[in-house]
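The primary structure of each chain is shown beneath.
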Amino acid sequence: MVDETRELLRSAPNFPEWKNLPLRSELQEILELPVTLDNDVNAFGLAEALWGAGKGKQCLLGLAVGAGVGGVVIIDGKVFRGFRGTAGELGHILISEDGPLCNCGLPGHLEAYAGRAAFDKEASRLFPTGELPNPMRMAELAADGNEKAREVHRYLAHYLALGCATLIHCFNPEAIIIGGGTVVNAPYLFDVLRAEVARYTMETAREGVEILPAGLGYMAGVLGAAALRYQD
Ligand SMILES: [Zn+2]
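Here's a quick rundown of the structure. Only a predicted model underlies this, so the values are computations on that prediction, with no experimental measurement involved. (Residues numbered from 1 in each chain as written. Predicted model: local features only at pLDDT ≥ 70, side-chain atom pairs only at ≥ 80, totals over all residues. Heavy atoms only, no water.)

## Structural notes on the coordination of the zinc ion
By definition of the ideal shapes, a tetrahedral metal site with four donors has angles of 109.5 degrees and an octahedral site with six donors has angles of 90 or 180 degrees.
Part 1 of the argument: Around the zinc ion, the protein contributes the donor atoms His92 (ND1), Cys102 (SG), Cys104 (SG) and His109 (ND1), at 2.0 to 2.3 Å from the metal centre.
Part 2 of the argument: Every donor counted, the 4 donor atoms about the zinc ion form angles of 100 to 120° at the centre, which fits tetrahedral coordination.
Part 3 of the argument: Here the donor residues of the zinc ion are spaced in sequence according to H-x9-C-x1-C-x4-H. Accessibility assignment for this pair places Cys102 and His109 in one class, buried. (Donors = N, O, S within 2.8 Å, 3.2 Å for Na, K, Ca; no water. Tetrahedral: all angles 85-135°; square planar, octahedral: opposite > 155°, others 65-115°. Buried < 20%, exposed > 50% of the residue type's maximum accessible area, 1.4 Å probe, protein only.)

Here you go:
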């Protein structure tokens, strides 16, 4: 998370020692170039809104399902930052008060049900012997009709749908764009996800809301970072 002035890296679950680090000015000094600081998933969302799956849409949400589940809210074509800059932490939507521990240390968040740890746990349960399929392989197996791979994807899609249902009720977005290494090239997962979203969302709220795979792949964060520079 980055503060509202976008000078400080406030905290990063994957770098626990980094707290209130003046990363922008430190990088600028080292690089001798102008630096804009932001959260990588905000950059991903902005790029998808400008050039990817969300092109032409003004109100959209993004989920980056990788090691964790990152989130971004785009309103009127811009990243919505909230009170102190931490808006859009959509992976920490509460799914269950007594659920598994999230990477943030709190129980029951979406990230703990749909991030890479959840994928690995389900994959090991269903593929107890031999090499564990990585997300790319799992998606191929699911597309080929492998029932075990499909079960892994049904699990992830179910919990992502619970998160999306809450998001649709809160934001009524034009689209929710979902990317990240855990759900890449996974048409079966998206089919289940759309059906599950319909099951848990009020019809009027979800009318016309699209659930789309991200369009820019691994370059989205880089493109979005460049776009941030020009939006400031
Ligand atoms: Zn969390």
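## Looking at the packing of aromatic side chains
Part 1 of the argument: In this structure the tally under the stated criterion is 3 aromatic pairs.
Part 2 of the argument: For the ring pair Phe15 and Trp18, a centre distance of 4.7 Å and an interplane angle of 15° mean the geometry is stacked.
Part 3 of the argument: Since its relative accessible area comes to 45%, Phe15 is described here as partly exposed.
Part 4 of the argument: Aromatic ring contacts, followed pair by pair, group Tyr113, Tyr155 and Tyr159 into a single cluster. (Phe/Tyr/Trp six-rings, centres within 6.5 Å; stacked < 30°, edge-to-face > 60°.)

## Regarding a nonpolar patch on the surface
Part 1 of the argument: On the surface, Leu50, Trp51, Met219, Val222 and Leu223 cluster together to form a nonpolar patch covering roughly 460 Å² of accessible area.
Part 2 of the argument: Put simply, the parts of the chain that give the nonpolar patch at least two residues each are helix 2 (40-51) and helix 9 (220-231).
Part 3 of the argument: By secondary structure assignment, the location of Val222 is in helix 9. (Patch = residues over 30% accessible without salt bridge, like charges linked within 9 Å, V, L, I, M, F, W, Y side chains within 5 Å. Areas by Shrake-Rupley, 256 points an atom, 1.4 Å probe, with all protein chains shown as cover. Salt bridge = Lys/Arg side-chain N within 4 Å of Asp/Glu carboxyl O. Helix = DSSP H or I, 4+ residues; strand = E, 2+ residues; numbered from the N terminus.)

## Regarding the nonpolar core
Part 1 of the argument: Leu63, Leu160, Ile176, Ile178, Leu189, Leu193 and Ile211 are the most contacted members of the largest nonpolar core, which has 42 residues in total.
Part 2 of the argument: Taken together, the elements giving at least two residues each to this core come down to strand 3 (60-65), strand 4 (69-75), helix 3 (110-114), helix 4 (116-126), helix 5 (135-143), helix 6 (147-171), strand 6 (175-179) and helix 7 (187-200).
Part 3 of the argument: Non-local contacts of Leu63, meaning those with residues more than four positions away in its chain, are made with Phe44, Val69, Gly70, Leu90, Leu160, Cys164, Leu167, Ile176, Ile177, Ile178 and Gly179.
Part 4 of the argument: Membership of the second largest hydrophobic core comes to 17 residues, among which are Ala49, Val79, Ala175 and Leu228. (Core = buried A, V, L, I, M, F, W, Y, C linked by side-chain atoms within 4.5 Å. Contact = heavy atoms within 4.5 Å.)

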